[in-house]
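# Residue-level structure breakdown
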Amino acid sequence: MTSRRSTLAVSVVAAAALTLTACGGDGGSDAEPTVADSPEFEAGTTMAELAEAGTITIGTKFDQPLFGLQAPSGDPEGFDVEIGKIVAGALGIAPEDITWVETVSANREPFLQEGQVDLVIATYTINDERKEVVDFAGPYYEAGQQIMVVEGNPEGIEGPEDLAGKVVCTTDGSTPYQNIAENYPEAELLPGVAAYSDCLDPLRSGDVAALTTDNVILSGYVDQNPGEFELVGEQFTEEPYGIGLEKGDDAFRDFINDTLEESYEDGTWEAAWESTAGSVLETPEPPAVDRY
Ligand code: GLU
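Read on for an overview of the structure. (Residues numbered from 1 in each chain as written. Predicted model: local features only at pLDDT ≥ 70, side-chain atom pairs only at ≥ 80, totals over all residues. Heavy atoms only, no water.)

### A word on the overall build of the protein
Counting its regular elements, the protein contains 10 helices and 13 strands. Within the protein, buried positions represent 53% of all 292 residues. Nonlocal contacts in the protein, meaning residues at least 24 apart in sequence, comprise 70% of its contacts between residues at least 6 apart. Only carbon and sulfur atoms are counted for the fraction: they give 47% of the accessible area of the protein, which is about 12600 Å². (Helix = DSSP H or I, 4+ residues; strand = E, 2+ residues; numbered from the N terminus. Buried < 20%, exposed > 50% of the residue type's maximum accessible area, 1.4 Å probe, protein only. Contact = heavy atoms within 4.5 Å. Areas by Shrake-Rupley, 256 points an atom, 1.4 Å probe, with all protein chains shown as cover.)

### Examining the environment of T57
Of note, T57 is situated in strand β1 (residues 56–60). In this structure, the C-alpha to C-alpha distance between T57 and D97, residues 40 residues apart in sequence, is 9.0 Å. What T57 contacts, discounting residues up to four positions off in sequence, is T99, V101, Q116, V117, D118 and L119.

### Focus: the site of the ligand
Every one of the 17 residues lining the ligand counts as a neighbour, but K61, S105, T125, Y196 and D214 are closest to it. Within the contact set of the ligand, an oxygen atom lies 3.0 Å away from a side-chain nitrogen or oxygen of R108. For the ligand, an oxygen atom lies 2.9 Å from a polar atom in the backbone of T175. Calculation on the ligand without its partners gives an accessible area of 280 Å², and the protein chains cover 100% of this total. Elements that contribute at least two residues to the shell around the ligand include exactly α6 (175–183), β11 (210–214) and β13 (239–246). For the shell around the ligand, the class distribution of residues is six nonpolar, six polar and five charged. (Near = heavy atom within 4 Å. Polar contact = N/O pair within 3.5 Å; in protein donor to acceptor, adjacent residues only side chain to side chain. Nonpolar A, V, L, I, M, F, W, Y, C, P; charged D, E, K, R; others polar.)

### Digging into helix α2 (residues 46–53)
Among all positions in α2, only T46, M47, A48 and L50 are buried. Looking at the buried residues of α2, the elements they touch are β1 and α9 (250–266). Directly beyond the C-terminal end of α2, a positive phi value near 75° is found at G54.

### Remarks on the sheet that holds strand β12 (residues 229–232)
In space, the five strands of this open sheet follow the order β10-β9-β11-β8-β12, with mixed pairing throughout. Edge positions in the open sheet fall to β10 (188–189) and β12, since each of these has one partner strand only. Where strand β8 (residues 145–150) and β11 come together, four bridges link them in antiparallel fashion. Across the sheet, the residue bridging to Q146 is T213, located in β11. Packing against the sheet, α6 makes contact with β8, β10 and β11, and its axis sits at approximately 120° to β11. (Pairing = 2+ DSSP bridges. Axes fitted to C-alpha atoms, helices over the stretch in contact; angles between N-to-C directions.)

### Thoughts on the environment of I126
Position of I126 among the secondary structure elements: in the loop between β6 (119–120) and α5 (128–131). Assessed through its relative accessible area of 14%, I126 is described here as buried. On a C-alpha basis, the gap between I126 and P139 in space is 7.5 Å, while along the polypeptide they are 13 residues apart. Each residue touching I126, except ones within four places of it in the same chain, is listed here: K131, F136, A137, G138, P139, P240, Y241 and G242.

### What to know about the nonpolar core
In this structure, F79, L119, Y140 and I243 are the most contacted members of the largest nonpolar core, which totals 51 residues. Take this core: its biggest share by element is six residues, from helix α3 (residues 79–90). Leaving out residues up to four positions away in the same chain, L119 has contacts with I56, T57, I58, G59, V87, L112, I243, G244, L245, F252 and I256. In this structure, A187, L189, A209 and A210 belong to the second largest nonpolar core, which totals 11 residues. (Core = buried A, V, L, I, M, F, W, Y, C linked by side-chain atoms within 4.5 Å.)

Right, dumping it as structure tokens:
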């Protein structure tokens, strides 16, 4: 147990006693965040509209264990999903009133721009290019790009330089794709891949030599498929995860940033981690919110 975990244990337990409700052993979260009781918002704001509607539509991944994985119930589970419940709860919206929509890497900006979702919480890296068309609250987590191969690492890949001349799988519209295309052009990227889980069979069959994306996504696949895959080398980028929202909605962005900071303080962020990604990964420090 890290020192942060032990020092926070008391406050997490206290928060749990006050705000968390048990969830019936379905493999999902053990803890649900607080749902605000009739919160008041300035008329005309997105917060007021969503609170009045009593529902919110959130885009997330459906094929990424630990962060967003569709459960037998049809709803996704994972750390991103729990972050969504924290934001919805601050709007007075209960978890069962959230509409979850699957987003893949390439459709996150369009779904926000077209209003198909209110938020995207989907292992979504904050960067300047994306900020030209959407806005981001957060970050609420910092990942990094890494490489996954079949167990035993038969091709001896230890870093992105070793991908030269090899077929590599990652998704269209992702930062890992862009990074490999721009900085490691001798790697051959498999075209037209929508979701990371589409890379697993080609990796098993040897049609691709590696899957590269964020370390936490890869860790989820290693955990989900015992004995099949391993991570190699170190992370070689920084991927701060943000909550995507419509560009220009500054009041909503401030509200989400406030909500994230409160979740860092009251233990709900840590409880969200521990009930999901924390089953496999160490509990990190929450990153500072960037109110750009
Ligand atoms: N975080 C990276 C991105 O937003 C890779 C993970 C993903 O595609 O969801 O592009």
